[in-house]
Amino acid sequence: MRIILLGAPGAGKGTQAKSISNKYNIPHISTGDIFRKNISERTPLGIEAKKYIDNGQLVPDELTIDIIKSRLVEEDCENGYLLDGYPRTVEQAKALDVFLNEREANLDTALLIKVPREFILERMTGRRVCPSCGASYHVKFNPPKNEGICDICGSDIIQRDDDAEITVNKRLDIYEAQTHPLIEYYKSRDLLSEVDGTQAINDVFESVSKVLNELRK
Ligand code: ADP
Ligand code: ADP
Ligand code: ZN
């Protein structure tokens, strides 16, 4: 299956992506994770991307499109993938369409995790992440079993610099302006599906599974 996850920052894309990736056995590809890995390794890409990410801005399309294209030709993507955080602009969506058309491949769905803005600030300011494996936790809604330690890989979890309240608000404005139009983009291509992201994490996953199982029939 080839799936795109849509939704505001903090909607729960990364959280659901881990479960989807396990259950349906497709790689979870997060452009945010790719950028953060490059930042921590101080690669030229990381140094460039950091300028934008720390400000809550989007990394320029040219850079992002090249990165995703080179990731999607890797062998583990042959039987599908789950995109989390890409596309974020109409330009990026068009580039993905071209890439898929060239390969005579199609998307199964663009799955929107729908969460109204008033929920988002608390989710993002309480978010903690594992810098090693990318797992996402929440101080209140999804704490790790041992405080401060990743359940999956045992690393110390941290707060992302860009999850400070002031940056979060800026990111939400950018989401509204640049990413929200993708909902119409995929709706008009008859590829949009959606789940209520305000439910508890497990219930969101149940809704997600229903949608994806239906597509596999
Ligand atoms: P969140 O889901 O909380 O918004 P991500 O981990 O997906 O966070 O992204 C973190 C940051 O990385 C974004 O705010 C943006 O600066 C950058 N980024 C990630 N994906 C993209 C993309 N497809 N296009 C441009 N910038 C991106
Ligand atoms: P995204 O990848 O869309 O930016 P995350 O998956 O990182 O979002 O989730 C953002 C924050 O909200 C994290 O702290 C996560 O633990 C928490 N979270 C995710 N889903 C839910 C949910 N259904 N209810 C409450 N909190 C959630
Ligand atoms: Zn971890």
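All values derive from a computational prediction rather than experimental measurement.

About the criteria used
- Residues numbered from 1 in each chain as written.
- Chains lettered and ligands numbered in written order.
- Predicted model: local features only at pLDDT ≥ 70, side-chain atom pairs only at ≥ 80, totals over all residues.
- Heavy atoms only, no water.
- Donors = N, O, S within 2.8 Å, 3.2 Å for Na, K, Ca; no water.
- Tetrahedral: all angles 85-135°; square planar, octahedral: opposite > 155°, others 65-115°.
- Helix = DSSP H or I, 4+ residues; strand = E, 2+ residues; numbered from the N terminus.
- Near = heavy atom within 4 Å.
- Polar contact = N/O pair within 3.5 Å; in protein donor to acceptor, adjacent residues only side chain to side chain.
- Areas by Shrake-Rupley, 256 points an atom, 1.4 Å probe, with all protein chains shown as cover.
- Nonpolar A, V, L, I, M, F, W, Y, C, P; charged D, E, K, R; others polar.
- Buried < 20%, exposed > 50% of the residue type's maximum accessible area, 1.4 Å probe, protein only.
- Pairing = 2+ DSSP bridges.
- Expected span 1.5 Å × (residues − 1).
- Contact = heavy atoms within 4.5 Å.

Remarks on the coordination of the zinc ion (ligand 3)
Stage number 1. For the zinc ion (ligand 3), the protein coordination sphere consists of Cys130 (SG), Cys133 (SG), Cys150 (SG) and Cys153 (SG), at 2.3 Å.
Stage number 2. Every donor counted, the four donor atoms about the zinc ion (ligand 3) form angles of 97 to 119° at the centre, which fits tetrahedral coordination.
Stage number 3. Each donor residue of the zinc ion (ligand 3) lies on one chain, and together they are spaced C-x2-C-x16-C-x2-C. Taken together, the positions of cysteine 130 in the loop between β5 (127–129) and β6 (136–138) and cysteine 153 in the loop between β6 and α7 (165–179) put the pair 23 residues apart, joining distant regions of the chain.

A short note on the site of ligand 2
Stage number 1. What surrounds ligand 2 is a group of 20 residues, the closest being Gly10, Thr15, Arg127, Tyr137 and Gln199.
Stage number 2. In the model, an oxygen atom of ligand 2 is placed 2.8 Å from a nitrogen or oxygen of the lysine 13 main chain.
Stage number 3. Between ligand 2 and the protein, one listed contact pairs an oxygen atom with a side-chain N or O atom of arginine 127 at 2.7 Å.
Stage number 4. Notes on ligand 2: free accessible area 570 Å², of which the protein chains cover 93%.
Stage number 5. Sorting the residues of the shell around ligand 2 by element identifies α1 (13–24), β6 and α9 (201–216) as the ones contributing at least two each.
Stage number 6. A breakdown of the residues in the shell around ligand 2 according to their chemical character gives eight nonpolar, nine polar and three charged.

Considerations on the pairing of strand β4 (residues 109–114)
Stage number 1. For β4, the buried fraction is high: five of the six residues fall into the buried class.
Stage number 2. In this sheet, β4 lies alongside strand β1 (residues 2–6) in parallel orientation, the contact comprising four bridges. When the sheet's bridge partners are listed, leucine 6 is paired in β4 with leucine 112.
Stage number 3. Relative to strand β7 (residues 192–196), β4 runs parallel, the two being bridged by five bridges. Counted as the bridge partner of isoleucine 113 is valine 195 from β7.

Here's the deal with the pairing of β1
Stage number 1. Most of β1 is tucked away, with five of its five residues classed as buried.
Stage number 2. As paired strands, β1 and strand β3 (residues 81–84) are joined by four bridges and run parallel to one another. Residue pairing in the sheet places isoleucine 3 in a bridge with leucine 82 of β3.

Let's talk about helix α5 (residues 90–102)
Stage number 1. Between its first and last C-alpha, α5 extends 18 Å over 13 residues, near the 18 Å set by a 1.5 Å rise per residue.
Stage number 2. Among the residues of α5, Gln92, Ala93, Ala95, Leu96, Asp97, Phe99 and Leu100 are the ones counted as buried.
Stage number 3. Close packing links the buried residues of α5 with β1, α4 (61–72), β3 and α8 (181–188).
Stage number 4. Among the residues trailing α5, glutamate 104 stands out with phi positive, at a value near 50°.

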